[in-house]
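# Secondary and tertiary structure notes
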Amino acid sequence: MVGPLDRLGPALGDALVRDPDIAATYAVDCSCAPTAPEHFTVVRARDVQDVVAVLEEAQAHGIPVVPQGARTSLTGASCATEGAIVLNVEDLRDLDIDPVEGHARVDPGLVTAELKSAAHEADLFYPPDPASADTCTIGGNIATNAGGLCCVKYGVTADYVKALEVVLPGGERIRTGKRTAKGVVGYDLTGLFVGSEGTLGVVTAAWVRLVPAPDPALTALATFDSLDDAVRGVLALRADRHRPSLLEFLDRASIAAVQAIGDFGFPSGCEAALLVQSDRPGHAGEDVIRYAATLAEAGAVETVVADNAAEADLLMKGRRMLNHALEAKGGRLAEDACVPIARLAQFVRIGQDISARSGVEITLSGHGGDGNLHPSLFFTRGDPDGLHRAEAALEDLLRAALDLGGTITGEHGIGVQKRRYLSWELGHAELARQRSVKTLFDPRGIMNPGKVY
Ligand SMILES: Cc1cc2nc3c(=O)[nH]c(=O)nc-3n(C[C@H](O)[C@H](O)[C@H](O)COP(=O)(O)OP(=O)(O)OC[C@H]3O[C@@H](n4cnc5c(N)ncnc54)[C@H](O)[C@@H]3O)c2cc1C
């Protein structure tokens, strides 16, 4: 019997991955303990025509399609599913910067750091900076509305996407948004696709806004004996007329985890630390001195200011090592929740209480300036009971985030792992409305099934 992939084979040529060992490397993403399905096909698109061919065939035969970038998703959003075509677009990497319009036309497979560095060469700046920027792709960033470390000043990926080209199930190529500086025609379909986690179509090109280049950032570090003082510091800095370009928070347990792998200058026993940066052209030095004074006034027991790029880098080293330090501790649920900024201290305290009550070790750190923390919940690898306890503690933590007026994900998205909590936040009526929007674009439900909805 001739199957759809036999029909597609000649058209796709070497885009169709025939070597099972190579195909296996596209099975899973960076989420916790993902499982690879038994049967799936991998297509590495060479151009938009390959994307169109796959989506025509998939729609005609009801075959699931998993759009895929660099597989750095932490939620299982880019994992292959049983019987699916994994449509990887990493090889689509063209980039064209238009300095007059102040934007770039980007293919979806371009690595985020490459866009940032090309913009830098043109004396421009592409601000979104997920910590995975060296590996993740612009298509993946758009599909997850990725954030990162400098959102406190610059916002998230959605704030930079002006227009998209998307291939829909069935192969239709559509354009959304405006490539001009302004425009008000019709609904904001660009906004709909940003953050849709591959459930509506495949992004094949994006026009992203670039801004004038900042100065190299300078850094201040402040440590606190009291959580409330640290959060008071966050609020005071957010009210500064020249808002920091980075404002990161580490709780006591995160500081201990980092110091356990090396001395990164955090005093032992402090309750919280803040790292703060300014990249304001011509004024970064004066800003970080002012930020340090503000934090001292809020109750910091110690502040250190880096007045050159090398020192600034040194102060940031502990923060950069955090992920590595947490990985080194064993099995963990690497999580993501966002609460109103004024409630950050409450959220951290609830996390500490849940940890004490459940016996699950929990660290709480991340983008304090946005109220967006990445709790890590630890368990012993290979211990199903431990994993179960960590998951139960996570449920308590996510409920607490919602009770405080927050959200179950600030930037990582829903994927597979948070699907079960989606109705907690949206409610059943809203969930049904969102499902009907999906059906409008994807009537046969072939786009990334089992993810999000
Ligand atoms: C060490 C580490 C640090 C991280 N730090 C951050 C951080 O600071 N901030 C943050 O927001 N995230 C972070 N992440 C999560 C992850 O990097 C982001 O979600 C990123 O945007 C995913 O990009 P990707 O290219 O790897 O996409 P993938 O993982 O391949 O895909 C992610 C989702 O996008 C969809 N998708 C991919 N390409 C397309 C396309 N062209 N069209 C339609 N849908 C598509 C997929 O179907 C999937 O739903 C981190 C991950 C790791 C491993």
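What counts and how
Residues numbered from 1 in each chain as written. Predicted model: local features only at pLDDT ≥ 70, side-chain atom pairs only at ≥ 80, totals over all residues. Heavy atoms only, no water. Pairing = 2+ DSSP bridges. Helix = DSSP H or I, 4+ residues; strand = E, 2+ residues; numbered from the N terminus. Axes fitted to C-alpha atoms, helices over the stretch in contact; angles between N-to-C directions. Contact = heavy atoms within 4.5 Å. Salt bridge = Lys/Arg side-chain N within 4 Å of Asp/Glu carboxyl O. Domains from an automatic or database assignment. Near = heavy atom within 4 Å. Polar contact = N/O pair within 3.5 Å; in protein donor to acceptor, adjacent residues only side chain to side chain. Areas by Shrake-Rupley, 256 points an atom, 1.4 Å probe, with all protein chains shown as cover. Nonpolar A, V, L, I, M, F, W, Y, C, P; charged D, E, K, R; others polar. 1 Å grid on protein atoms, 1.4 Å probe; cavity = no way out; pocket = protein on both sides within 12 Å on 5 of 7 lines; lining within 4 Å. Points joined across faces, edges and corners; volume = space filled by probe spheres on them. Buried < 20%, exposed > 50% of the residue type's maximum accessible area, 1.4 Å probe, protein only. Parallel < 35°, antiparallel > 145°, perpendicular 65-115°, else oblique. Left-handed = near helix turned anticlockwise from the far one by under 90°. Core = buried A, V, L, I, M, F, W, Y, C linked by side-chain atoms within 4.5 Å.

## Structural notes on the sheet that holds strand E4 (residues 95–98)
The antiparallel open sheet is built from 5 strands, whose spatial order is E4-E5-E9-E7-E8. Taken across any chain shown, the strands that pair with only one partner, and hence form the sheet edges, are E4 and strand E8 (173–177). Strand-to-strand twist across the sheet, computed as the mean angle between neighbouring axes with direction ignored, equals 15°. Of the strands in this sheet, E4, strand E5 (103–106) and strand E9 (202–209) touch helix H4 (residues 112–121), which is tilted by about 35° from E4.

## Notes on the pattern of salt bridges
By the definition in use, this model includes 22 salt bridges. Residues Asp-279 and Lys-153 are paired through a salt bridge, measuring 2.7 Å at the closest nitrogen-oxygen approach. Placement of Asp-279 in the loop between strand E13 (272–278) and helix H10 (284–298) and of Lys-153 in helix H6 (residues 151–154) is noted, with a sequence separation of 126 residues between them. A salt bridge links Arg-433 to Glu-430; the nearest nitrogen and oxygen atoms lie 3.0 Å apart. In this pair, Arg-433 and Glu-430 are both assigned in helix H15 (residues 422–441), 3 residues apart and thus about one turn of the helix distant.

## Let's talk about the domain arrangement of the protein chain
Domains assigned within the protein chain are domain 1 (4–88), domain 2 (95–212) and domain 3 (218–323). Centre-to-centre separation of domain 1 and domain 3, based on C-alpha positions: 43 Å.

## Overview of the site of the ligand
In the vicinity of the ligand, 35 residues are found, and the nearest of them are Pro-67, Gly-69, Thr-72, Ser-132 and Thr-137. One of the backbone nitrogen or oxygen atoms of Pro-67 is found 2.6 Å away from an oxygen atom of the ligand. Contacts to the ligand include Asn-448, whose side-chain N or O atom sits 3.2 Å from an oxygen atom. Calculation on the ligand without its partners gives an accessible area of 970 Å², and the protein chains cover 93% of this total. Breaking the shell around the ligand down by element, the ones donating at least two residues are strand E2 (65–68), helix H5 (138–144) and E9. Per-element accounting of the shell around the ligand gives the leading share, 5 residues, to H5. In terms of residue class, the shell around the ligand is made up of 14 nonpolar, 18 polar and 3 charged. Mapped onto the domain boundaries, the shell around the ligand takes at least three residues apiece from domain 1 (4–88) and domain 2 (95–212).

## Regarding empty space enclosed by the protein
Taken as a whole and assessed by the stated rule, the structure comprises 1 cavity of 30 Å³ or more. When its volume is computed, the largest cavity comes out at roughly 60 Å³. Lining the largest cavity are Leu-74, Thr-75, Ala-334, Glu-335, Asp-336, Thr-409, His-412, Gly-413, Gln-417 and Lys-418.

## Regarding unusual backbone geometry
Its identity is not glycine, yet Glu-197 carries a phi of approximately 55°, on the positive side. Structurally, Glu-197 is set in the loop between helix H7 (189–193) and E9. Take Glu-197: its relative accessible area is 7%, and that puts it in the buried class. Look at Val-452: it is not a glycine, yet its phi comes out positive at around 65°.

## What to know about the sheet that holds strand E20 (residues 376–379)
Taken in spatial order, the 3 strands make up an open sheet running E15-E20-E17, and their pairing is antiparallel. Bordering the open sheet on either side are strand E15 (331–334) and strand E17 (362–363), each of which pairs with just one other strand. The pairing of E17 with E20 spans 2 bridges and is classified as antiparallel. In the strand pairing of E20, Ile-362 is matched with Leu-377.

## Quick notes on the pairing of E2
Here E2 shows two buried faces, one formed by Val-65 and Pro-67 and the other by Val-66 and Gln-68. Alignment of E2 against strand E3 (residues 85–88), held across 4 bridges, turns out to be parallel. Bridging from a neighbouring strand, Pro-67 pairs with Leu-87 of E3.

## A word on the packing of helix H8 (residues 227–238) against H10
Running from N to C, H8 and H10 point in directions that differ by 140°, and their axes come no closer than 8 Å. Between H8 and H10, the angle falls in the class oblique. Of the two possible hands of crossing, H8 and H10 adopt the one that is right-handed. Each of Asp-229, Arg-232, Gly-233, Ala-236 and Leu-237 in H8 lies in contact with H10, whose residues at this interface are Tyr-291, Thr-294, Leu-295 and Ala-298.

## Describing the nonpolar core
Grouped together as the largest cluster of nonpolar side chains are 69 residues, with contacts concentrated most on Phe-224, Phe-249, Phe-266, Leu-295, Phe-347 and Leu-377. Looking at this core, the element that brings in the most residues is helix H14 (residues 384–403), giving 6 residues. Among residues more than four places away in sequence, those in contact with Phe-347 are Ala-337, Val-339, Leu-364, Leu-373, Leu-397, Ala-401 and Leu-404. Core analysis: the next-biggest nonpolar cluster, separate from the first, contains 27 residues, Leu-110, Cys-150, Tyr-154 and Phe-193 among them.

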